[in-house]
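Residue-level structure breakdown
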2 protein chains.
Amino acid sequence: MDNRVLDLKKTILENNDADAALLRQEMKDKKTFYMNLMSSPGAGKTSVIIQTAQRLKERLKIGVIEADIDSDVDAVKLRELGIRAVQTHTGGMCHLDAAMSRQALDAIGADELDLVILENVGNLVCPAEFDTGACLNAVILSVPEGDDKPLKYPLVFQISNAALINKIDTQPIFDFDMDAAEKMILERNPLCTVFPVSAETGSGMDAWCDWLFGQVRQWLDI
Amino acid sequence: MDNRVLDLKKTILENNDADAALLRQEMKDKKTFYMNLMSSPGAGKTSVIIQTAQRLKERLKIGVIEADIDSDVDAVKLRELGIRAVQTHTGGMCHLDAAMSRQALDAIGADELDLVILENVGNLVCPAEFDTGACLNAVILSVPEGDDKPLKYPLVFQISNAALINKIDTQPIFDFDMDAAEKMILERNPLCTVFPVSAETGSGMDAWCDWLFGQVRQWLDI
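Residues numbered from 1 in each chain as written. Chains lettered and ligands numbered in written order. Predicted model: local features only at pLDDT ≥ 70, side-chain atom pairs only at ≥ 80, totals over all residues. Heavy atoms only, no water.

Description of the interface of chain A and chain B
Opposite the 43 residues of chain A that make contact, chain B presents 44 residues. Summed over both sides, the interface of chain A with chain B buries roughly 3,600 Å², with 66% coming from carbon and sulfur. For the pair chain A and chain B, the interface holds 2 salt bridges. Linking B:Lys152 and A:Asp74 is a salt bridge whose minimum nitrogen-to-oxygen distance equals 2.8 Å. Our count for the contact surface shared by chain A and chain B stands at 7 residue pairs in polar contact (both at pLDDT 80 or more). For the side of chain A that touches chain B, the element with the highest residue contribution is helix H1 (residues 2–30) of chain A, accounting for 9 residues. Looking at the side of chain A that touches chain B residue by residue, the classes come out as 21 nonpolar, 10 polar and 12 charged. (Contact = heavy atoms within 4.5 Å. Buried area = accessible area lost by both parts, 1.4 Å probe. Salt bridge = Lys/Arg side-chain N within 4 Å of Asp/Glu carboxyl O. Polar contact = N/O pair within 3.5 Å; in protein donor to acceptor, adjacent residues only side chain to side chain. Helix = DSSP H or I, 4+ residues; strand = E, 2+ residues; numbered from the N terminus. Nonpolar A, V, L, I, M, F, W, Y, C, P; charged D, E, K, R; others polar.)

Right under this line is the structure:
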């Protein structure tokens, strides 16, 4: 039975990969930078997005796609802060794929935007397997989750261009070895750039935003 | 494309449900209580299991099935503490199903054990959809993840007989409303029993273990 499940999955993944590549090219043509942000539930995706949007809003036209199985609390929160946001419900699905991304990008009016950030479903496993069509993947690991997560969930770190280690303000009370975490991430993906941050205090957020802005400029060719 | 994915999934789920019901009956006949423990990555599943095994080891013969995509750090840690444990690798799968459970229960020698605890893959989404054949589901929500998780990941709370709110020792530094979290859980599942605990300090662990022991006694008819 396991093999059958995996075979079906392979076909789905191959179809999705082709669609994602097409979507990436469409976004390139439209000069829209589409970024996929992944993490466990509660690692701080929404807070990081708010801090990022507030730092880059003078330089870029930004939109946010919220993907959740249920509820719209995140999109409501963003809109209250003046950030353009659409809420998508995945209908129980544990990830967003390229087809769902395309619908959401249409809904938010990606043509008019420089940067669209997807807040993927809180899950370190499945979102890593489905290419959303984004031109940049980022993952958040939060200090309370522990430094061994790159060991247990390798794929999401392998496919991410950036890893934000969030909630560093809580490091004194958790047994989290920052050097060990960074080392494990870089062993899985030497090209990943690691940013220790706190979306609560703002620590490290400037470095992350400057790096992201550089990536967007390169993509938009400005 | 979305519909096709969901149709395939429906067949897989239906086959799995039948297999899970069969496995549950087999465990009943063998007088083994099989418990499925779910949570986000880093919410404290391993620590809760260690505390639970240490409190119940004089009363029950206990084994632990570790399910991870990769690594065997958890099983090694448990064995070093004298707890019988097998490590399973899901081969990239984001959850355990009934067929994988059966293999793992055979491997650990479930016939000789009173209580087998499955540490499912760290994921609040997919494990909730796949019945493992367990006779009890428990979910851990940790304080640093935030009190809104029952709103965003309703299914795992709907199917859980018990919800442990872990890391309550860190409540002073996180903005976590315990009453709100409990209320949201009970709205989704009025039959869920909620246990505020800290696997770090041991707080609340006796209440959880006494309740679990009661459930095991009832199942084993002792």
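Some thoughts on the sheet that holds strand S7 (residues 193–196) of chain B
Residue and element names in this part refer to chain B. Taking strand neighbours across the sheet as the criterion, the 7 strands line up as S3-S2-S4-S1-S5-S6-S7 in an open arrangement whose pairing is parallel. Of all strands in the sheet, those with a lone pairing partner are strand S3 (84–89) and S7, marking the two edges. Here the strands of the sheet are splayed against their neighbours by 20° on average, with no regard to which way each runs. As paired elements, strand S6 (residues 162–166) and S7 share 4 bridges and run parallel to each other. Of the residues in S7, the one forming a bridge with Ala163 is Val194. Relative to the sheet, helix H7 (residues 178–188) contacts S6 and S7, its axis offset from that of S7 by approximately 155°. (Pairing = 2+ DSSP bridges. Axes fitted to C-alpha atoms, helices over the stretch in contact; angles between N-to-C directions.)

Section: the pairing of S6(B)
All names here are of chain B. Counting buried positions along S6 gives 5 out of 5 residues, so the element sits mostly inside the fold. Neither face of S6 is open: one carries Ala162, Leu164 and Asn166, the other Ala163 and Ile165, and all of them are buried. Across 5 bridges, strand S5 (residues 136–142) lies against S6 in parallel orientation. What sits directly across from Leu141, in S6, is Ile165. (Buried < 20%, exposed > 50% of the residue type's maximum accessible area, 1.4 Å probe, protein only.)

A look at the packing of aromatic side chains
Summed over all chains, the structure comprises 9 aromatic pairs over all chains. Both rings, one in A:Phe174 and one in B:Phe174, keep their centres 6.3 Å apart while their planes meet at 55°; by these two values the pair is tilted. Taken together, the residues A:Phe174 in the loop between strand S6 (162–166) and helix H7 (178–188) and B:Phe174 in the loop between S6 and H7 connect one chain to another. Its relative accessible area of 15% is what places A:Phe174 among the buried residues. Both rings, one in B:Phe33 and one in B:Trp219, keep their centres 6.2 Å apart while their planes meet at 90°; by these two values the pair is edge-to-face. Separated by 186 residues along the polypeptide, B:Phe33 in strand S1 (residues 33–39) and B:Trp219 in helix H8 (residues 205–220) bring together distant segments of the chain. For the pair shown, B:Phe33 and B:Trp219 are each scored as buried. Linked through ring pairs, A:Phe195, A:Trp208 and A:Trp211 together constitute an aromatic cluster. Stacked on the ring of A:Phe213, the Lys or Arg A:Arg59 has its end atom at 4.7 Å from the ring centre. (Phe/Tyr/Trp six-rings, centres within 6.5 Å; stacked < 30°, edge-to-face > 60°. Lys NZ or Arg CZ within 6 Å of the ring centre and 35° of its normal.)

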